[in-house]
Amino acid sequence: MIIYRIRVSLLDIRPLIWRRFELSSQTTLKQFHRILQIVMGWGNYHLHEFLVGTKRYGIPDPDYDDPGDVIVESKIVLSEVLPSAGAEISYVYDFGDNWRHLIALEEIVPALPEGEYPQVIDGARSCPPEDSGGTTGYANLLEVLLDPAHDEYEHMHMWAGEKFNAEVFSVKDINRRLRRNRSLSAKL
């Protein structure tokens, strides 16, 4: 099995929210979407698409997309869109909030004999809460949460959830969530 070491970064947010993880090069884009949702911490409530140059990959919507505008993601594997180390693609999640991610193939690595894939190996910071209003809404949320005297603090604190902490990231927790989704896992 060929293993890809991927880095995904959520664009337009500072400090950067990112993850580094490994998975099979034969993962379909449909599976990759599900993996990205877990790895980043999204809830999979919204539409998404992958952008590779001028090509769009995802789930075509017959009400909005002309035939051929969106390539069916379940028929494409990662090695087709990320053919070599250094290749990059984009992933957009939630067309309203427009969360844009840069996905880079950092390295092609040998599979470990006892390896279990996909697996997260590094990262930083929590993903924004769903429906937080894109990058500007998220920046506002963080500003309010830093000031307990702010008029909107109680409302935003309850809305974001008692457990939300923008600085928390746990490799262990994400890998546990990946393991619970057996259809995404491949043991060697």
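Residues numbered from 1 in each chain as written. Predicted model: local features only at pLDDT ≥ 70, side-chain atom pairs only at ≥ 80, totals over all residues. Heavy atoms only, no water.

Student: Before we move on, could you go through the packing of helix α3 (residues 134–145) against helix α4 (residues 153–160) and cite the residues and values that matter?
Tutor: The relative placement of two packed helices is expressed as an angle between their axes plus a distance between the axes. Here α3 crosses α4 at 115°, and the two axes come no closer than 9 Å. In this structure, α3 crosses over α4, and the sense of that crossing is left-handed. Listed contacts from α4 to Asn140, Leu141, Val144 and Leu145 of α3 are Tyr153, Met156, His157, Trp159 and Ala160. For the contact of α3 with α4, the class distribution of residues is 7 nonpolar, 2 polar and no charged. (Axes fitted to C-alpha atoms, helices over the stretch in contact; angles between N-to-C directions. Helix = DSSP H or I, 4+ residues; strand = E, 2+ residues; numbered from the N terminus. Left-handed = near helix turned anticlockwise from the far one by under 90°. Contact = heavy atoms within 4.5 Å. Nonpolar A, V, L, I, M, F, W, Y, C, P; charged D, E, K, R; others polar.)

Student: Now, about the packing of helix α1 (residues 29–40) against helix α5 (residues 171–180): what can you tell me, with residues and values included?
Tutor: α5 packs onto α1 with a crossing angle of 150° between their chain directions and a minimal axis gap of 9 Å. What the angle tells us is that α1 and α5 run roughly antiparallel. Here the hand of the crossing between α1 and α5 comes out right-handed. Two secondary-structure elements touch here, α1 through Ile35, Ile38 and Val39 and α5 through Ile174, Arg177 and Leu178. (Parallel < 35°, antiparallel > 145°, perpendicular 65-115°, else oblique.)

Student: Outline the nonpolar core, supporting the account with residue identities and numerical values.
Tutor: Counting 43 residues, the largest nonpolar core has Ile6, Phe21, Phe32, Phe50, Val81, Leu82 and Ile103 as its most contacted members. Of all the elements, α1 adds the most residues to this core, at 7 residues. (Core = buried A, V, L, I, M, F, W, Y, C linked by side-chain atoms within 4.5 Å. Buried < 20%, exposed > 50% of the residue type's maximum accessible area, 1.4 Å probe, protein only.)

Student: Residues and numbers for α1, please.
Tutor: Under the 1.5 Å per step criterion, the end-to-end length of α1 is 16 Å for 12 residues, consistent within 8% with the ideal 16 Å. Taken across its 12 residues, α1 has 9 buried, putting it largely inside the fold. Within the span of α1, buried status applies to Leu29, Phe32, His33, Ile35, Leu36, Gln37, Ile38, Val39 and Met40. Backbone geometry just after α1 places Gly41 at a positive phi near 105°. (Expected span 1.5 Å × (residues − 1).)

Student: How would you sum up unusual backbone geometry? Please name residues and give values.
Tutor: Here the amide bond leading from Arg14 into Pro15 is cis, since omega sits at -5°, within 30 degrees of zero. With respect to the helices and strands, Pro15 occurs in the loop between β1 (2–10) and β2 (17–24). Note the cis peptide between Tyr117 and Pro118, where omega equals 0°. Relative to the helices and strands, Pro118 is located in the loop between β8 (116–117) and β9 (119–124). If you check the backbone angles, Asp94 has positive phi at about 65° while not being a glycine. Turning to its location among the elements, Asp94 is positioned in the loop between β6 (88–93) and β7 (99–110).

Just geometry here; none of it tells us what the structure is for.
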